[in-house]
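These are the residues of each chain, in order.
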Amino acid sequence: MNAKRHQDKVALVTGGAQGIGAGIVKVLVERGARVAIVDKDAETAAAYAATFSNSDQHVISIQADISTVEGCRSAVNDVIASFGALDVLINNAAPGRNKAQIGRLHGPDWPAHAEVVLQATAWLAEAALPHLRKASMPAIVNISSVTATAVAPEQCSWPYHVSKAGLEQMTRYLACQFGAEGIRVNAVAPGLVDRDGGMKISDNPENRKIIEAIVPLKRAASAAEIGTIVSFLCSEDASYLTGQVLIADGGMGVRENFGASLRARQAD
Ligand SMILES: NC(=O)c1ccc[n+]([C@@H]2O[C@H](COP(=O)([O-])OP(=O)(O)OC[C@H]3O[C@@H](n4cnc5c(N)ncnc54)[C@H](O)[C@@H]3O)[C@@H](O)[C@H]2O)c1
């Protein structure tokens with residue numbers, strides 16, 4: 001049943017050119033959706049879209065910078081021009097992790113996070129609304145992070161944390177605003193994820209040791225595993241779920257980690 005669970009649906013995935021977004025695109029396409037990758041990195045997005053060459057797979061790339069309202073509106077217009085409909089909106093893009101910002105209280109990256117994570121979610125929802133209203137099972141899924149609720153000061157800047165916390169409240173806000181129209185709005189909060197392509201968090205043996213110690217499932221997620229959770233949230237199986245955040249962290253958040261971290265260090 002999973003095979004064609006999204007047959008005839010049209011999905012817009014922001015930041016779908018690479019990483020977790022690419023995993024989401026792959027799963028939705030495999031399950032029958034037509035997918036528009038909306039990304040500011042036109043080259044990477046086009047190259048990834050071109051990998052779906054099968055005649056019954058429809059993936060297009062749309063270059064847009066969603067940090068402006070114009071960028072959001074033009075992205076939605078382009079999706080409608082190509083596919084004529086929009087059933088599912090996935091807000092996945094976020095500014096890259098700027099290591100220079102980690103630990104600094106004064107820095108310039110709050111505007112970027114506010115625009116791409118928060119404002120774009122509202123602007124895209126607004127632009128998508130007339131089309132979602134016509135869909136049979138409309139859904140919005142926001143990609144949050146475990147850092148929305150737990151603090152990782154060595155890993156990410158405060159704007160990253162705070163924007164993700166805001167995105168979870170935006171999820172609940174939009175769920176209430178759109179509920180009467182049958183549009184469900186949910187979020188996924190991943191923990192540690194091995195992005196598709198390039199260097200993965202689990203490639204480093206020291207990271208692997210820590211992951212085995214603190215993650216009950218003993219491994220990072222794959223991007224496609226986050227994609228399957230997004231797929232579920234967009235599907236009829238989740239028809240009574242809205243305003244929720246599904247935490248996809250392999251159990252990391254429910255484990256007390258001090259002893260496990262000590263053991264990992266002692267094993268060195
Ligand atoms: N990687 C992880 O371990 C992890 C863990 C938890 C949550 N997340 C979240 O998952 C999402 C994807 O993370 P990732 O690591 O795959 O990211 P990534 O940096 O690999 O990809 C992000 C994509 O978004 C695009 N993008 C950024 N700003 C944009 C803009 N203004 N307009 C259009 N496109 C834009 C980029 O070009 C890029 O293709 C993010 O929201 C991130 O916060 C990631």
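Everything quoted here is computed from the prediction, not taken from an experiment.

A word on the site of the ligand. Neighbouring the ligand are 25 residues; Ile20, Asp39, Asn92, Tyr160 and Arg195 lie closest to it. Within the side chain of glutamine 18, an N or O atom sits 2.9 Å from an oxygen atom of the ligand. A distance of 2.5 Å separates an oxygen atom of the ligand from a polar atom in the side chain of aspartate 39. With the chains in place, 86% of the 830 Å² that the ligand exposes on its own is no longer accessible.

Overall, the coordinates contain five salt bridges when judged by the stated rule. With its nearest N and O atoms 3.9 Å apart, the salt bridge here joins glutamate 126 to arginine 73. Note that glutamate 126 is positioned in helix 4 (residues 109–132) and arginine 73 in helix 3 (residues 69–83), a separation of 53 residues in sequence.

With a phi close to 70°, aspartate 8 is a non-glycine residue in the positive phi region. With respect to the helices, strands and loops of the structure, aspartate 8 is situated in the segment before strand 1 (10–14). Its relative accessible area of 57% is what places aspartate 8 among the exposed residues. Backbone geometry places lysine 218, a non-glycine residue, at a positive phi of 70°. Relative to the elements of secondary structure, lysine 218 occurs in the loop between helix 6 (205–214) and strand 8 (221–222).

Take the side chain of threonine 147 next. Within the secondary structure, threonine 147 sits in the loop between strand 5 (139–143) and helix 5 (158–178). On the accessibility criterion, threonine 147 (9% relative accessible area) is buried. Of note is the side chain of threonine 147, whose polar atom sits 2.8 Å from the side chain of serine 145. Those residues in contact with threonine 147, other than ones at most four positions away along the chain, are Ala152, Cys156, Tyr160, His161 and Lys164.

The strand order across the open sheet formed by seven strands is 3-2-1-4-5-6-9, and the pairing between neighbours is parallel. Taken across any chain shown, the strands that pair with only one partner, and hence form the sheet edges, are strand 3 (59–63) and strand 9 (245–248). With direction set aside, neighbouring strand axes in the sheet form an average angle of 20°. Of the strand pairs in this sheet, strand 6 (residues 184–190) and strand 9 are connected by four bridges, and their pairing is parallel. By the bridge assignment for strand 9, alanine 189 is matched with isoleucine 247. Sheet strands touched by helix 4: strand 1, strand 4 (88–91) and strand 5. Its angle to strand 4, the strand with the most contacts, is close to 175°. Of the strands in this sheet, strand 5, strand 6 and strand 9 are in contact with helix 5, which crosses strand 6 at around 160°.

So, on to the environment of glycine 179. Assignment of secondary structure puts glycine 179 in the loop between helix 5 and strand 6. Assessed through its relative accessible area of 37%, glycine 179 is described here as partly exposed. Along the sequence, glycine 179 and alanine 33 sit 146 residues apart, while their C-alpha atoms lie 23 Å from each other.

This paragraph deals with helix 3. Over its 15 residues, helix 3 runs 21 Å from end to end, which matches the ideal 21 Å to within 8%, given 1.5 Å per residue. If you check which residues of helix 3 are buried, you get Val69, Gly71, Cys72, Ala75, Val76, Val79 and Phe83. On its buried face, helix 3 sits against strand 1, strand 2 (34–39), strand 3 and helix 4. Just downstream of helix 3, glycine 84 is the residue with a positive phi angle, here 75°.

Looking only at helix 6, the buried set comprises Ile211, Ala213 and Ile214. Projected down its long axis, helix 6 carries its buried residues within an arc of 165°, all on one side. Its side-chain oxygen placed 2.7 Å from the backbone nitrogen of glutamate 206, asparagine 204 serves as the N-cap of helix 6.

Scoring rules and cut-offs
- Residues numbered from 1 in each chain as written.
- Predicted model: local features only at pLDDT ≥ 70, side-chain atom pairs only at ≥ 80, totals over all residues.
- Heavy atoms only, no water.
- Near = heavy atom within 4 Å.
- Polar contact = N/O pair within 3.5 Å; in protein donor to acceptor, adjacent residues only side chain to side chain.
- Areas by Shrake-Rupley, 256 points an atom, 1.4 Å probe, with all protein chains shown as cover.
- Salt bridge = Lys/Arg side-chain N within 4 Å of Asp/Glu carboxyl O.
- Helix = DSSP H or I, 4+ residues; strand = E, 2+ residues; numbered from the N terminus.
- Buried < 20%, exposed > 50% of the residue type's maximum accessible area, 1.4 Å probe, protein only.
- Contact = heavy atoms within 4.5 Å.
- Pairing = 2+ DSSP bridges.
- Axes fitted to C-alpha atoms, helices over the stretch in contact; angles between N-to-C directions.
- Expected span 1.5 Å × (residues − 1).
- Arc of directions from axis to C-beta.

Any link to function would need more than the numbers given here.
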